[in-house]
Amino acid sequence: MNLSYEWLRSLVPVTLSPAELRDLITSRCATVDEVVALRADLAGIVVGRVVEAARHPNSDHLWVTKVDAGGGELLDVVCGAPNVVQGKLYPFAPVGTVLPGGLKLDKRKIRGATSNGMLCSSRELGLGAEHDGILELQVDVPPGTPFLDALPVGDTRLVIDVTPNRPDLLSHLGVAREVAAATGIALAGADPTADAASGEESVDREGTTAGVSVRIDDPDGAPRYMGAVVRGVTVGPSPSWLVRRLEAVGSRSINNVVDITNYVMHEMGQPMHAFDLARLAGPAVIVRRAAPGEAITTLDGTRRTLTPEMTVIADAQAAQAIAGVMGGSTSEVGPETRDIFLEVALFDPRRVRATRQALGLNTDASYRFERGVDPELQPRALARAVALLTELAGGTADGRAVDVHPRPSTPVTLVLRPDRVTRLLGVSILAGECADLLRRIGFTAERQGATLEVTAPSWRRDIAREVDLIEEVARLRGFDSFPDEIRPYRPGTTADSPLARIVRSVRDALVAAGLFEARPMPFVKGAEAGHVRVSNPLAEDEAYLRTSILDTLGRRAEHNLARMEGNIRLFEVGAVFQPGTGELPVESVSAAAIIMGLRRPPHFTEPKPPAIDAWDAKGLAGILASAAFPGRQIAMQAGSAGNLWDIQVDGTLVGAVRQLPLDAPVWASPAFGVEVRVSGAPMDPAVAVSAGADSRGRAPRFQAIPATPAAELDLALLVPIGTSAAEVEAVIRRSAGELLERLDLFDEFRGAGIPDGHRSIAWRLTFRHPDRTLRDKEVEGRRDKLLRILENELRVRHRTSS
């Protein structure tokens, strides 16, 4: 949404600078992405007064003038304009100024006379086509005043990122309401009342205005349609103020009639369309569904074939406009137009969006209609447009407007509880303050005992629940007004979903491991078996849904490698898709990570750190799997299908570790990818959470730092090939008793001295009693018991024994 600073100030006369207004709007309603000074190219121009003017001695058409530009001395300036007058004010460009066309002015001689700058015409300043004479200024300012301060030609554009739920901000009036509420300055009154455009409602879907029959045959696509006839207009150029305002928001001036419709759209948020009444057969206006195969040539000159799912505006013979998207060329307003039928309507957002997507046609009107237009705005917008047409195009309104309104809207009324506001926001806000804040932006609020009965204005269709009102109270009060400290509050009684807790646990674990989260779109080139094609892809080169997160995460790694960044630690938690039995694919959630490059940053103590290897990837897989399946038995098995390792949880395959064939420079180290399914696996982690295995779902427990010494015990075990370290660990943890504080695997050995079919694995066990020092006999007793259990259950023996 492009907003004109000067236009906004005409609606709410604030004294804030563009930068201050940017900060206010961003903090209260929508982010301002950019502030653009539209005529910054005129910053070097000043107001100059011609003190003397005489004919050039060596020319019959040049003048030699002395100009006061506010610098304390008079400047000699040669001028070729015939209208230079002594004592008048003109735009003056000093030496060194770069004009809008790119010409840089230098001090030079013209037929023997020195010229120290230029007195400028409208065309040289980019303010018009007039070039026969310099621009005489009718202002009362001292010489040397910046030209942009003297004349209102230097507007500023604010580019606002309007979220889909706030279509009321897609107009200057909508933003002005918010600014007025934030500053306490009343609107300047450029919003006509509904009484000024009171139309004749017709509940039977048909009405007449000035001999034009208006009928709605498709109330689903058009819940409301208004029209008015303006006769005797003269189509021509728009006045300069109107052209400047449209240009300030990035719109091109066409003619006064079309410009007025665009002006009202940007001012009030209501798209509208003007038809040449002489070109409407009947004359009739019928809002209906398009016939199968019906075609229309739109205003952009393209012939488009329509479908019955689209709504059109037709006359008695054929379609004349695509509802909510674009008008047709057949009834276009042109220089010969004298009588206008002006349309102001309300169209169904979903229908407009589907039509726009099917036709591949984006317009300012469709952008607003598909987000939702104020259902009560049409009478005021029509009155505003008719008033401008009669003023700027010389027309006369013929009779009363027609208002065909088969489906009137009903206001949303909610109950707001101040104690609920306090619980959610953590700050006590009284009912009176809540009511005052909401009334500032058009809500009605009436006390009903301890609560407020609040009715949302027609332009706030996003208000549906009490919590929406509480959000409004917080926003209008100002988020910066809330204290920084965290206070006790309870937003709700519903716990997070099990999957949401698992995903949060995975993110926390991978960030703690030093990885960065990436969030690419889930689309790939695809076309291989197993990839599902998207019916309406954003781009044809990415028209398929990914089956693995490593598909898109690998491309992020390649992006880094292409920029000579080979130390990569990226992860993502997101959706993957597999072909389903029906029309839709099967969606599940996976977590994946890619690591490559150096294990540690270079340091003077270690100029060349070792590169990440497959064991680092295996360790990362353990971290990821433990976070995704807390409390479960995790094992790494020899990889299948090209994987380095298969990740199993309770014996079920849930992921893999593999080396990735990235398109990387030859200097890059190998890349390793880890992927784990966190939902959609045969044993869903949600089951583990509901069974209480997710300790992260419970409050953490803390204990004092131990004051007693620990006893360490090293065990070198002969483990049969085929018995995993994880199995041994599980038996040790189960059998070592409650005094086992820590268990670390610190060595593996194969070779001389190790019996065939075995390997040696060494563990360090740390025991500690919370109240006293352990005796050697206690530790030895636990060791002997543990060795007996290991031999009986896993045939694991102590390495020192025969």
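This structure is a prediction, so every number in the text was calculated from the model and none was measured.

1. Quick look at the overall build of the chain
- Counting its regular elements, the chain contains 18 helices and 41 strands.
- Oriented by its inertia axes, the alpha-carbon framework of the chain measures out at about 120 × 80 × 60 Å.
- Here the chain holds 802 residues, and 47% of them are scored as buried.
- For the chain, the proportion of contacts with a sequence separation of at least 24, taken over those separated by at least 6, is 67%.
- For the chain, the exposed area adds up to about 39,500 Å²; of that, 50% sits on carbon and sulfur atoms.

2. Some points on the sheet that holds strand β30 (residues 532-533)
- What the three strands build is an open sheet, ordered β29-β31-β30; its pairing is antiparallel. Strands with a single pairing partner mark the edges of an open sheet, and in this sheet they are β29 (523-524) and β30.

3. Points about the confidence of the model for the chain
- Residues of the chain with pLDDT of at least 70 account for 93%, and the chain-wide mean is 88.
- Of the regions scoring below 50 in pLDDT, residues 681-697 engages in 30 contacts with residues more than four places distant in sequence or in other chains.

4. What to know about the sheet that holds strand β10 (residues 156-161)
- Across the sheet, which stays open at both edges, the three strands sit in the order β1-β10-β2 with antiparallel pairing between neighbours. A strand with exactly one partner marks an edge of an open sheet, and here the two such strands are β1 (2-4) and β2 (31-37). Within the sheet, the average angular offset between the axes of one strand and its neighbour, ignoring direction, is 25°.
- Of the strand pairs in this sheet, β2 and β10 are connected by six bridges, and their pairing is antiparallel. Among the inter-strand pairings, Thr31 is bridged to a residue of β10, identified as Asp161.

5. Structural notes on helix α14 (residues 549-562)
- A rise of 1.5 Å per residue sets the reference length of α14, with its 14 residues, at 20 Å; its end C-alpha atoms lie 20 Å apart and thus fit the reference within 8%.
- By the burial criterion, the buried members of α14 are Ile549, Leu550, Thr552, Leu553, Gly554, Ala557 and Leu561.
- Buried residues in α14 make contact with β29, β32 (568-578), β33 (586-596), β36 (652-660) and β37 (671-677).
- The N-cap residue of α14 is Ser548: its side-chain oxygen and the backbone nitrogen of Leu550 are 3.1 Å apart.
- Within two residues after α14, Met564 carries a phi angle of roughly 65°, on the positive side.

6. Comments concerning the side chain of Thr298
- Tracing the backbone through its elements, the reader meets Thr298 in the loop between β17 (295-297) and β18 (303-305).
- A polar atom in the side chain of Thr298 sits 3.1 Å from the side chain of Arg304.
- Aside from chain neighbours lying at most four places away, what touches Thr298 is Arg304, Ile322, Met326, Gly327, Gly328 and Ser329.

7. Brief notes about the environment of Ile260
- Residue position: Ile260 is located in helix α6 (residues 256-268).
- Using a relative accessible area of 2% as the deciding quantity, one classes Ile260 as buried.
- Not counting the four nearest positions on each side in its chain, Ile260 is found in contact with Leu242, Ala385, Leu388, Leu389 and Leu392.

8. Side note on the pattern of salt bridges
- Enumeration over the complete set of coordinates arrives at 51 salt bridges.
- Note that Arg440 and Asp436 form a salt bridge whose closest N and O atoms lie 3.1 Å from each other. Separated by four residues within a single helix, Arg440 and Asp436 lie in helix α11 (residues 431-440), roughly one turn from each other.
- The partly exposed category is assigned to Arg440, whose relative accessible area is 43%.
- According to the relative accessible area criterion, Asp436 is partly exposed, its value standing at 37%.
- Ionic pairing is found between Arg475 and Glu472, a salt bridge with its closest N-O pair at 2.5 Å.

9. A look at the packing of α11 against helix α12 (residues 466-477)
- Their axes nearest at 9 Å, the elements α11 and α12 cross at an angle of 80°. Between α11 and α12, the crossing angle belongs to the class labelled roughly perpendicular. Residues Glu433, Cys434, Leu437 and Leu438 of α11 touch α12, and the partners they reach there are Leu469, Glu472, Val473, Leu476 and Arg477.
- Broken down by class, the residue content of the contact of α11 with α12 amounts to six nonpolar, no polar and three charged.

10. Things to note about the pairing of strand β40 (residues 758-767)
- Burial analysis of β40 places eight of its ten residues in the buried class, which makes it a mostly covered element.
- Strand direction decides the pairing type here: strand β38 (residues 711-720) and β40, joined by ten bridges, are antiparallel. Paired with Ala716 across the bridge in β40 is Ala762.
- Examined bridge by bridge, strand β39 (residues 740-749) and β40 share eight bridges and lie antiparallel to one another. By the bridge assignment, Asp747 is partnered in β40 with Ala762.

11. Some points on the side chain of Thr363
- Along the chain, Thr363 falls in the loop between α7 (349-359) and α8 (364-369).
- Thr363 gets classed as buried once you look at its relative accessible area, which sits at 16%.
- Among the polar contacts listed, one links the side chain of Thr363 to the backbone oxygen of Val325, at a separation of 2.9 Å.
- Each residue touching Thr363, except ones within four places of it in the same chain, is listed here: Gly324, Val325 and Met326.

12. Points about the environment of Leu170
- Mapping Leu170 onto the fold places it in the loop between β10 and α4 (172-183).
- Separated by 96 residues in the primary sequence, Leu170 and His266 have C-alpha atoms spaced 7.4 Å apart.
- Setting aside residues no more than four positions away along its own chain, Leu170 makes contact with Met1, Val162, Met265, Gly269, Tyr367, Arg368 and Arg371.

Cut-offs used in this document
Residues numbered from 1 in each chain as written. Predicted model: local features only at pLDDT ≥ 70, side-chain atom pairs only at ≥ 80, totals over all residues. Heavy atoms only, no water. Helix = DSSP H or I, 4+ residues; strand = E, 2+ residues; numbered from the N terminus. Buried < 20%, exposed > 50% of the residue type's maximum accessible area, 1.4 Å probe, protein only. Contact = heavy atoms within 4.5 Å. Areas by Shrake-Rupley, 256 points an atom, 1.4 Å probe, with all protein chains shown as cover. Pairing = 2+ DSSP bridges. pLDDT = per-residue confidence, 0-100. Axes fitted to C-alpha atoms, helices over the stretch in contact; angles between N-to-C directions. Expected span 1.5 Å × (residues − 1). Polar contact = N/O pair within 3.5 Å; in protein donor to acceptor, adjacent residues only side chain to side chain. Salt bridge = Lys/Arg side-chain N within 4 Å of Asp/Glu carboxyl O. Parallel < 35°, antiparallel > 145°, perpendicular 65-115°, else oblique. Nonpolar A, V, L, I, M, F, W, Y, C, P; charged D, E, K, R; others polar.

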